[in-house]
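# Coordinates in review
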Amino acid sequence: MSNQAKTSDTPFRQASAEYNFGFLDEYAKKEIRRSVLKAIAIPGYQVPYSSREMPMGRGFGTGGLQLTLSLIGKQDTLKVIDQGSDDSVNAVNLRSFIEMTCPGIDTTTKVAEANLIQSRHRIPEQALREDQVLVLQVPYPDALVVVEPSEDKRKIMHGEADYSRLLVKLYEDIVKFDEITISHRYPTRINRHYVIDSSPIPRWDVPKMNDSKALILLGAGREKKIYAVPPYTLAEPLEFDDVPFRVEGFNDETGKRRTCHRCGCDHSFLDEFIDARSGEKLYQCSDSDYCDEQLKSLSVNQSLEG
Amino acid sequence: MLKQDLLGAYVNPIWLADTQQALFKSLMQVLSRPGRLDNWAEWLENSPAYLAVLATLLDGEVSLADVSGLLTESNWPLLQAHKSAVEQANYILCDATKAPTFLPKLGTLSSPDFAATLILKVSSLDKMQGNIRLKLTGPGVNGETEICVSGIDQAWLDQRNEWCSAFPLGIDCILVDDTQILGLPRTTKVEILEVRDNGGLN
Ligand SMILES: [Zn+2]
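So, here's what we can say about the structure.

How each quantity is defined
Residues numbered from 1 in each chain as written. Chains lettered and ligands numbered in written order. Predicted model: local features only at pLDDT ≥ 70, side-chain atom pairs only at ≥ 80, totals over all residues. Heavy atoms only, no water. Helix = DSSP H or I, 4+ residues; strand = E, 2+ residues; numbered from the N terminus. Rg over C-alpha atoms; globule rule 2.2 N^0.38 Å. Buried < 20%, exposed > 50% of the residue type's maximum accessible area, 1.4 Å probe, protein only. Contact = heavy atoms within 4.5 Å. Areas by Shrake-Rupley, 256 points an atom, 1.4 Å probe, with all protein chains shown as cover. Lys, Arg positive; Asp, Glu negative; His and termini not counted. Charge placed at Lys NZ, Arg CZ, Asp CG, Glu CD. 1 Å grid on protein atoms, 1.4 Å probe; cavity = no way out; pocket = protein on both sides within 12 Å on 5 of 7 lines; lining within 4 Å. Points joined across faces, edges and corners; volume = space filled by probe spheres on them. Nonpolar A, V, L, I, M, F, W, Y, C, P; charged D, E, K, R; others polar. Disulfide = S-S within 2.5 Å. Axes fitted to C-alpha atoms, helices over the stretch in contact; angles between N-to-C directions. Parallel < 35°, antiparallel > 145°, perpendicular 65-115°, else oblique. Left-handed = near helix turned anticlockwise from the far one by under 90°. Buried area = accessible area lost by both parts, 1.4 Å probe. Salt bridge = Lys/Arg side-chain N within 4 Å of Asp/Glu carboxyl O. Polar contact = N/O pair within 3.5 Å; in protein donor to acceptor, adjacent residues only side chain to side chain.

## Some remarks on the overall build of chain B
- The helix and strand inventory of chain B stands at five helices and 13 strands.
- Taking 17 Å as the expected radius of gyration for a compact globule of 202 residues, we find that chain B reaches 17 Å, a close match to that expectation.
- Its C-alpha atoms give chain B principal-axis dimensions of about 50 × 45 × 30 Å.
- When the 202 residues of chain B are sorted by exposure, 58% land in the buried category.
- At a minimum sequence separation of 6, the contacts of chain B that also span at least 24 residues come to 65%.
- Accessible area of chain B: about 7,800 Å², with a carbon and sulfur share of 50%.
- Computed over 15 positive and 24 negative side-chain charges, the separation of the two mean positions in chain B equals 5 Å.

Given below as structure tokens:
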């Protein structure tokens with residue numbers, strides 16, 4: 001009895017330390033954690049939460065960051081990716097902020113070593129495992145915003161799984177442009193009910209959400225929403241009988257699959273850029289860790305053969 | 001083993017931020033993967049698992065109904081949650097041996113997250129042995145899985161299935177025995193395969 005009475009203000013004391021492990025105070029973390037559990041229980045539903053001010057502008061991944069900070073503990077190994085790269089300014093800034101505010105955690109650039117992965121614009125090429133959690137940063141969480149400006153109305157449409165207007169809009173685009181023009185943020189139906197904005201990932205990554213071994217959490221800081229695609233759950237991109245969903249193609253004019261100029265990979269999502277010296281178009285794996293791993297196994301094989 | 005807080009006072013680990021982070025990750029996994037059993041024994045010292053669930057999730061922003069009187073008065077100030085009638089509660093703690101006699105919040109079509117989360121205390125959770133053998137399918141389950149529960153009134157399962165029959169409305173359940181945790185989100189299809197008097201102990 002006396003023990004409990006003495007310590008009833010413990011959470012206050014912990015929260016008032018100069019800055020708390022994970023930057024957020026324990027109350028902010030608890031609110032986000034409760035929202036995460038709701039998001040898992042209602043797959044694809046955007047759970048509102050009171051997004052906190054972070055010491056970086058919204059739009060710099062604060063939704064994903066708040067999720068990561070609420071989940072992470074000293075035993076975790078974190079990977080932060082931006083557009084497939086661990087070395088871009090955004091990824092480096094986010095990673096150093098998390099390292100600074102979460103002393104004791106490990107960070108890595110290797111997918112295989114991470115159990116917590118925060119990403120913007122890509123899902124790693126290497127299939128994720130059950131013990132991994134993927135956190136995606138989302139700028140605009142609601143797929144219905146293109147057809148309905150009122151959030152109250154959108155919430156009812158989502159609840160009723162009424163996506164007829166979204167489907168019409170999608171179909172009109174297809175008729176007009178003879179192609180599914182949404183290359184990113186492809187509307188994807190979760191567990192046959194809610195349609196989510198899949199975050200700005202290429203169509204290439206959308207099928208990775210289906211029947212995923214890893215839990216996928218999505219966070220929109222500015223819009224103050226958290227949603228989830230649980231593991232082993234249906235995630236189906238919207239499509240039509242006469243216009244099936246398809247991922248980006250990487251064939252050249254002759255119909256041959258382009259390969260990564262660096263590692264030779266013929267089955268990854270490729271970024272196109274112009275070689276500064278030759279002016280030539282080059283293609284390279286967008287997922288830099290995957291490219292490194294392919295390159296490594298290539299050199300191992302070559303040395304074995306040699 | 002008691003741990004110390006920053007000012008050196010001894011605290012049961014379930015009230016410490018580090019423990020709550022670890023327990024939350026476990027809760028997140030069991031609710032993501034219905035049928036998975038996590039054992040919290042190393043975190044609990046003498047605390048019941050249901051108290052650790054509440055300590056991990058609650059604060060002054062949410063309400064709690066202790067339907068069967070499982071909590072002591074001294075638990076409430078630590079949990080910080082305000083007491084609420086069961087029909088309005090965000091979180092509901094129940095002894096599952098007694099059949100439910102209330103209607104929890106099921107959420108609304110626009111805001112299904114307004115639904116209650118139920119923490120049900122049962123006597124045992126096991127992959128093989130127990131009075132009621134359940135088949136689980138749905139999001140988070142790779143194909144199908146089974147779990148055995150003892151110390152739960154069968155009316156709970158019928159009632160739970162009825163409450164969860166109109167997705168996205170429904171309730172989310174966390175089942176606990178002394179040290180183990182099982183998640184049953186509203187999306188899980190729960191079928192009773194077998195009811196056994198001897199708990200399958202032959
Ligand atoms: Zn490559």
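After that view of the structure, there is still more to cover.
## Thoughts on the environment of Trp163 of chain B
All names here are of chain B.
- Examined against the element boundaries, Trp163 turns out to sit in helix α5 (residues 154–163).
- Residues Trp163 and Glu191, 28 residues apart in the sequence, show an inter-C-alpha distance of 14 Å.
- When neighbours within four sequence positions are excluded, Trp163 is seen to be in contact with Pro100, Phe102, Leu103, Pro104, Leu106, Leu118, Trp156, Leu169, Gly170 and Ile171.

## Things to note about the layout of surface pockets
- The volume enclosed by the second largest pocket comes to roughly 360 Å³.
- As for the second largest pocket, its lining consists of 14 residues, of which Arg34 and Lys38 of chain A together with Val62, Asn90 and Asp113 of chain B are closest to the centre.
- Every element with two or more residues in the lining of the second largest pocket is listed here: α3 (26–41) and β1 (47–48) of chain A.
- Per-element accounting of the lining of the second largest pocket gives the leading share, four residues, to α3 of chain A.
- Residue classes in the lining of the second largest pocket are distributed as six nonpolar, two polar and six charged.

## Comments concerning the state of the cysteines
All names here are of chain B.
- A full pass over the atoms with the stated rule returns zero disulfides over all chains.
- Free of any disulfide, Cys94 has its nearest neighbouring cysteine sulfur in Cys173, separated by 9.1 Å.
- Residue Cys94 is classed as buried on the basis of its relative accessible area of 1%.

## Considerations on the packing of helix α4 (residues 62–71) of chain A against helix α5 (residues 89–101) of chain A
All names here are of chain A.
- At a closest axis distance of 11 Å, the pairing of α4 and α5 adopts a crossing angle of 30 degrees. Classified by the angle between their axes, α4 and α5 sit roughly parallel to one another. For the crossing formed where α4 meets α5, the hand is right-handed. Here α4 contributes Leu65, Thr68 and Leu69 to the contact with α5, which in turn contributes Leu94, Phe97, Ile98 and Thr101.
- In the contact of α4 with α5, the residues fall into five nonpolar, two polar and no charged.

## Quick word on the interface of chain A and chain B
- On the chain B side, the residues contacting the 48 residues of chain A number 51 residues.
- When chain A packs against chain B, the two sides together hide about 4,200 Å² of surface, and 57% of this comes from carbon and sulfur.
- Here chain A and chain B share three salt bridges between them.
- For Asp76 of chain A, the salt bridge is made with Lys25 of chain B, and the minimal N-O distance between the two is 2.4 Å.
- Between chain A and chain B we count 15 residue pairs in polar contact (both at pLDDT 80 or more) in total.
- Breaking the side of chain A that touches chain B down by element, the ones donating at least two residues are α1 (2–6), α2 (10–15), α3, β1, α6 (151–159) and β8 (215–220) of chain A.
- It is α3 of chain A that provides the largest number of residues to the side of chain A that touches chain B, a total of 10 residues.
- Classifying every residue of the side of chain A that touches chain B by side-chain character gives 23 nonpolar, 13 polar and 12 charged.

## Some details on the environment of His267 of chain A
All names here are of chain A.
- Structurally, the position occupied by His267 is in the loop between β10 (235–237) and β11 (270–274).
- A relative accessible area of 40% places His267 in the partly exposed class.
- C-alpha separation for the pair His267 and Phe250, spaced 17 residues apart in sequence, amounts to 9.1 Å.
- Once residues within four sequence positions are removed from consideration, His267 is found in contact with Glu125, Trp204, Arg257, Tyr290 and Gln294.
- At a separation of 3.1 Å, a polar atom in the side chain of His267 contacts the side chain of Asp266.
- Polar side-chain contacts of His267 include one of 2.8 Å to the side chain of Tyr290.

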